[in-house]
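Take a look at the letters that make up each chain.
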Amino acid sequence: GPAIIPYGPNTLGGAINMFTAQIPQDQTAKIDLELGQDTFGKLHVVTGASTNQWGWLAEAVHLETDGFKKIDGGGDSGFVRNDLMLKGRWNSEPGDELYHQVDVKLGYGDETSNETYLGLSLEDYLDKPFRRYRASYDDAMNWKRTQVQADYTIEVDESMQFKLTVYRHDFERTWRKLNAFWGENRMFVPGDSNYGKRSLQLSQVLSRPEAYPDYMSVLRGETDTGNIVTADPGEPWDNPDLLLMGSNYRVFVSQGVQLAGHVQLLLGEIEQDIRFGVRYHYDTVTRDQVETPYAMRLGELQSVDMEDHPYMRNTDKADALAVYLYDEIRWDRLTVNPGVRVEWIRNSRVDRIAESFGTTDNIVALPGLGVNYEVIDHLDVKVGVHQGFSPVSPGQSEDTKPGRSMQYEAGASYEHTWFRVEATGFFNDYSNLVGQSGMSGGETAANANLQFNTGSANIAGLE
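Residues numbered from 1 in each chain as written. Predicted model: local features only at pLDDT ≥ 70, side-chain atom pairs only at ≥ 80, totals over all residues. Heavy atoms only, no water.

**Q** Just checking my understanding: could you explain the overall build of the protein chain for this structure?
**A** Helix and strand content of the protein chain: three helices and 20 strands. With the C-alpha coordinates aligned to their principal axes, the bounding extent of the protein chain is approximately 90 × 50 × 50 Å. Taking contacts inside the protein chain between residues at least 6 apart in sequence as the whole, the part at least 24 apart equals 62%. (Helix = DSSP H or I, 4+ residues; strand = E, 2+ residues; numbered from the N terminus. Contact = heavy atoms within 4.5 Å.)

Here's what the structure looks like:
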């Protein structure tokens, strides 16, 4: 409901706050060791301690498995993952006139995941659902991330607190995976705007295996490439069954600074609990994605004497400034929660293949209001309304507009001693939904992650 206002920029739905492990009050050490099938193993270690003014925590996790899918001809379908987190805290003496606290969090993670987008034909899935075709045996994602966050909190008294947060996340990944077949009408021309549209998509082959038996045989590693000829003898290449392996390299950076405050006021019989905040956020992703033709020979992928083809080389950036104000006003049995969130977002894209540059701006004000009234002791009724918003990612078409909605709720609750019952009805009026394509849904690699508008929708329910 309206309580979503302090969080954003996506306010179409709710928000889930994920907490990492907290610094313990007393000296603590925990070890969790698990073993399981498919050579699964987990080692989780946590230790930390606190004194009157200092506290620290260290946490490490290692996960690994060789996977539950069985690749034709053998291969690893599992993953290995590591995560490390360090936390430190300093605070002034609890009895000081002004209370100060500094928190620092450092994080590191990495993973090698032998995963693929390649699925199965329906017949093969019904026969062996955990099977993977030989053509995917070399698919693997490798990533690593780092994180740093620092918080400074000052409490003037119990009714006034302020918190300053600075943060940065870095994430780098490469996913080498099978993207498509060369196709029956494919020309490998750098800069060709139709590149990716004339390839034979994996979803086409798997959904109609009877129409592409030779391609299915190549996927299974049973037939070498080069046995299929193009229908058009004028094509410059006569091996349309070459496998196109994509190397999707991306670098992400996310950083920002936020100031949040919390002030409680008493004006006669009216109590106010005011929360406000301002945040500047910047993030960017740089993509360098190429496809390389490979041949299937004797059940193994072998390189051929052909150049890589870049199909996505761009940098997307977003600058966002957000301000929110949320008040909880209490008078006798009535509580009113007005609030507003204002977002300014500037998206930009540099496309190094098309040699183009574009920038878009969005400014939106997102109001909300909640009202709660205690009719009699323990019985409350409530209503709420707020505007939902979902921004468009950088690099999208100018025709793609942000998602918007108006969301309403009304209900009642009764709570007394050991008993509680609550009923809430809701109505979400989406005036413009935003969808997103993906390779897992059958989209080409070149068009993955494109957003599009899907129109309006209404959702109503009772909880």
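**Q** What should I look at first to understand unusual backbone geometry in this one?
**A** Leaving glycine out, the prevailing phi sign among residues is negative, and the prevailing peptide bond configuration is trans. The amide bond that connects Gly8 to the next residue, Pro9, takes the cis arrangement and shows omega of 15°. Notably, His378 is not glycine yet its phi reads approximately 80°, a positive angle. As for its position among the elements, His378 is in the loop between β16 (356-376) and β17 (379-390). On the basis of relative accessible area, His378 is assigned to the partly exposed category, the value being 35%. (Buried < 20%, exposed > 50% of the residue type's maximum accessible area, 1.4 Å probe, protein only.)

**Q** Just to check I follow, could you spell out the nonpolar core for this structure?
**A** Grouped burial of nonpolar side chains is what soluble globular proteins tend to show. Counting residues in hydrophobic clusters, the biggest one holds 22 residues, and the most contacted among them are Leu178, Phe181, Val205, Leu219 and Leu243. Counting only elements with at least two residues in this core, the list comes to β9 (160-181), α2 (202-207), α3 (213-219), β11 (243-267) and β12 (270-297). Ranked by residues supplied to this core, first place goes to α3 with four residues. Apart from the residues lying within four places of it in its own chain, the contact partners of Leu219 are Leu118, Tyr133, Arg134, Ala135, Leu178, Phe181, Leu202, Val205, Leu206 and Leu243. One finds Trp182, Ala295, Val304 and Met306 within the second-largest nonpolar core, a separate group that totals six residues. (Core = buried A, V, L, I, M, F, W, Y, C linked by side-chain atoms within 4.5 Å.)

**Q** Before we go on, may I ask you to explain the pairing of strand β3 (residues 54-65) in this structure?
**A** Successive side chains on a regular strand alternate, one facing one side of the sheet and the next facing the other. Judged from the ten bridges that link them, strand β2 (residues 40-50) and β3 form a sheet pairing that is antiparallel. Each bridged residue has a counterpart across the sheet, and for Leu43 the counterpart in β3 is His62. Count of turn residues in the β2/β3 antiparallel hairpin: three residues. Direction of pairing for β3 relative to strand β5 (residues 79-91): antiparallel, over a ladder of twelve bridges. In the strand pairing of β5, Glu59 is matched with Met85. (Pairing = 2+ DSSP bridges.)

**Q** Could you clarify how one ought to interpret the pattern of salt bridges in this entry?
**A** Side chains that differ in sign of charge can pair as their charged atoms come close. This structure, assessed with the given rule, holds 22 salt bridges. Between Arg313 and Asp288 there is a salt bridge whose closest N-O contact spans 2.6 Å. In this pair, Arg313 sits in strand β14 (residues 309-331) while Asp288 sits in strand β12, placing the two residues 25 residues apart along the sequence. Across the pair Glu374 and Arg333 runs a salt bridge, and its minimum N-O distance is 3.8 Å. Here Arg333 lies in the loop between β14 and β15 (334-351) and Glu374 lies in strand β16, a separation of 41 residues in the sequence. One network of salt bridges, in which partners are shared, links Asp72, Asp124, Arg131 and Arg220. (Salt bridge = Lys/Arg side-chain N within 4 Å of Asp/Glu carboxyl O.)

**Q** Before we go on, may I ask you to explain the pairing of strand β19 (residues 419-436) in this structure?
**A** By the bridge criterion, 13 bridges tie strand β18 (residues 403-416) to β19 in an arrangement that is antiparallel. The partner of Tyr414 across the bridge, within β19, is Val421. The turn joining β18 and β19, which pair antiparallel and follow one another in sequence, is formed by two residues; a positive phi near 55° is taken by Thr417. Here β19 pairs with strand β20 (residues 451-462) via ten bridges, running antiparallel. Across the sheet, residue Asn428 finds its bridge partner in β20, namely Ile459.

**Q** Just to check I follow, could you spell out the packing of aromatic side chains for this structure?
**A** The full count for this structure, using the stated rule, is nine aromatic pairs. Look at Phe68 and Phe130: their rings are 5.2 Å apart centre to centre, the planes differ by 80°, and that puts the pair in the edge-to-face class. Remark: Phe130 occurs in the loop between α1 (122-127) and β7 (131-132) and Phe68 occurs in the loop between β3 and β4 (70-71); sequence separation between them is 62 residues. Residue classification places Phe68 among the partly exposed positions, given a relative accessible area of 45%. Here a set of aromatic residues connected by ring pairs shows up, and it is made of Trp143, Phe171 and Phe252. If you follow Arg176 out to its NZ or CZ, it ends over the ring of Tyr294, 4.9 Å from the centre. Above the ring of Trp175, the side-chain terminus of Lys177 is found at 4.7 Å from the ring centroid. (Phe/Tyr/Trp six-rings, centres within 6.5 Å; stacked < 30°, edge-to-face > 60°. Lys NZ or Arg CZ within 6 Å of the ring centre and 35° of its normal.)

**Q** I keep staring at the environment of Gly109 and nothing clicks. Help me out?
**A** Looking at the secondary structure, you find Gly109 in strand β6 (residues 99-113). Separated by 26 residues in the primary sequence, Gly109 and Asp83 place their C-alpha atoms 4.3 Å from one another. If we skip the residues at most four places from it in the chain, Gly109 touches Asn82, Asp83, Trp143, Lys144 and Arg145.

**Q** Sorry, what's going on with the side chain of Gln289 here?
**A** Along the chain, Gln289 falls in strand β12. Under the relative-accessibility criterion, Gln289 is labelled buried at 1%. Among the polar contacts listed, one links the side chain of Gln289 to the side chain of Arg250, at a separation of 2.7 Å. When near neighbours in sequence (up to four residues on either side) are disregarded, Gln289 contacts Ser247, Asn248, Tyr249, Arg250, His309, Pro310, Tyr311, Met312 and Arg313. (Polar contact = N/O pair within 3.5 Å; in protein donor to acceptor, adjacent residues only side chain to side chain.)

Note that every value here comes from positions in space, so none of it alone points to a role or purpose.
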